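Given next are the chains, with one letter for each unit.
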Amino acid sequence: MTQIVDAHQMPFENSSLDFIITNNVIHHLSKPIVFLNECSRVLRKEGKLLIQETHLSLFMRILINIVRHEGYSYNVDAFDSEAICNDPNDPWSANLALADLLFGDSKLFAEKVKYLKIDSKKYTEFFIWPLSGGVAHIIPVPNINRKLLELINFLDKIIISISKNIFPLQIQIVLSNNKM
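These numbers come from a predicted model, not from an experiment.

(A) View of the pattern of salt bridges. Across all of its chains, the model carries six salt bridges by this definition. Here Glu38 makes a salt bridge to Arg41, at a shortest N to O gap of 2.9 Å. Of this pair, Glu38 and Arg41 both sit in helix H1 (residues 32-42), three residues apart, roughly one helical turn. With a relative accessible area of 11%, Glu38 lands in the buried category. For Arg41, a relative accessible area of 26% puts it in the partly exposed group. Ionic pairing is found between Glu150 and Arg146, a salt bridge with its closest N-O pair at 3.2 Å. With Glu150 and Arg146 both in helix H6 (residues 146-162) and four residues apart, this pair spans about one turn of that helix. The exposure class assigned to Arg146 is exposed, which follows from its relative accessible area of 65%. Counted as one network, the salt bridges with shared partners bring together Lys48, Lys117 and Asp119.

Next comes the structure, spelled out in structure tokens:
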């Protein structure tokens, strides 16, 4: 069943879901902290929120400036439920800094968001993401055989391990619901 919902006001009962999975969604939300509140409301205790999101490493900022597909600004308080981080009337509006603002400092996240706990945070994808067409829908996706893809994935892991601030283009976060 396919269902389109407002991420800021989900039509699900309290404590009714075990998992929520998002793939490059948070940077499009006008109020991401409201979304996180909603996730806590609809997730069961210890339910999981799995997030795949853009990481504004040096290379991501270079790519964004080349393709001019989506923008970013660090001049917003992503933890403020009244702050507007993107145009609420434009679902394609984007602020690619939101994941870094929310999850970049795990201690700040724990201080500001009592109801969700970061279980894991992993920086990923340097070559793989652009090869998937990930930067913009206008980038063609090459047909790569499995062995070459495995080699590229291996190289990705080595490159990403060098510096999280320079190379990884994505971040994967797993949050647990800590509500009482």
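(B) Region of interest: the packing of aromatic side chains. The final tally for this structure, using the stated rule, is six aromatic pairs. Here the aromatic rings of Phe126 and Phe167 are separated by 5.4 Å at their centres, their planes lie at 90°, and the arrangement is edge-to-face. Separated by 41 residues along the polypeptide, Phe126 in the loop between strand E3 (116-124) and helix H5 (128-131) and Phe167 in the loop between H6 and strand E4 (170-177) bring together distant segments of the chain. One exposure class covers both Phe126 and Phe167, and it is buried.

(C) A look at a nonpolar patch on the surface. A grouping of Phe127, Leu148, Leu151, Phe154, Leu155 and Ile158 is seen on the molecular surface, where their side chains present a nonpolar patch of about 520 Å² in accessible area. Secondary-structure assignment places Phe154 in helix H6.

(D) A look at the pairing of strand E1 (residues 17-23). Summarising the sheet, E1 and strand E2 (residues 43-54) pair through six bridges and their orientation is parallel. Bridging across to E2, Phe19 finds its partner in Lys48. The parallel pair E1 and E2, bridged by H1, forms a crossover whose chirality is right-handed.

(E) Just the sheet that holds E4, in detail. Spatially, the four strands line up as an open sheet ordered E1-E2-E4-E3, and their pairing is mixed. Edge positions in the sheet fall to E1 and E3, since each has one partner strand and no second. Neighbour to neighbour, the strand axes of the sheet diverge by 10° on average, direction disregarded. Across eight bridges, E3 lies against E4 in antiparallel orientation. Counted as the bridge partner of Lys121 is Ile173 from E4.

So, how was this worked out
- Residues numbered from 1 in each chain as written.
- Predicted model: local features only at pLDDT ≥ 70, side-chain atom pairs only at ≥ 80, totals over all residues.
- Heavy atoms only, no water.
- Salt bridge = Lys/Arg side-chain N within 4 Å of Asp/Glu carboxyl O.
- Helix = DSSP H or I, 4+ residues; strand = E, 2+ residues; numbered from the N terminus.
- Buried < 20%, exposed > 50% of the residue type's maximum accessible area, 1.4 Å probe, protein only.
- Phe/Tyr/Trp six-rings, centres within 6.5 Å; stacked < 30°, edge-to-face > 60°.
- Patch = residues over 30% accessible without salt bridge, like charges linked within 9 Å, V, L, I, M, F, W, Y side chains within 5 Å.
- Areas by Shrake-Rupley, 256 points an atom, 1.4 Å probe, with all protein chains shown as cover.
- Pairing = 2+ DSSP bridges.
- Right-handed = clockwise from strand over helix to strand, strands pointing away.
- Axes fitted to C-alpha atoms, helices over the stretch in contact; angles between N-to-C directions.

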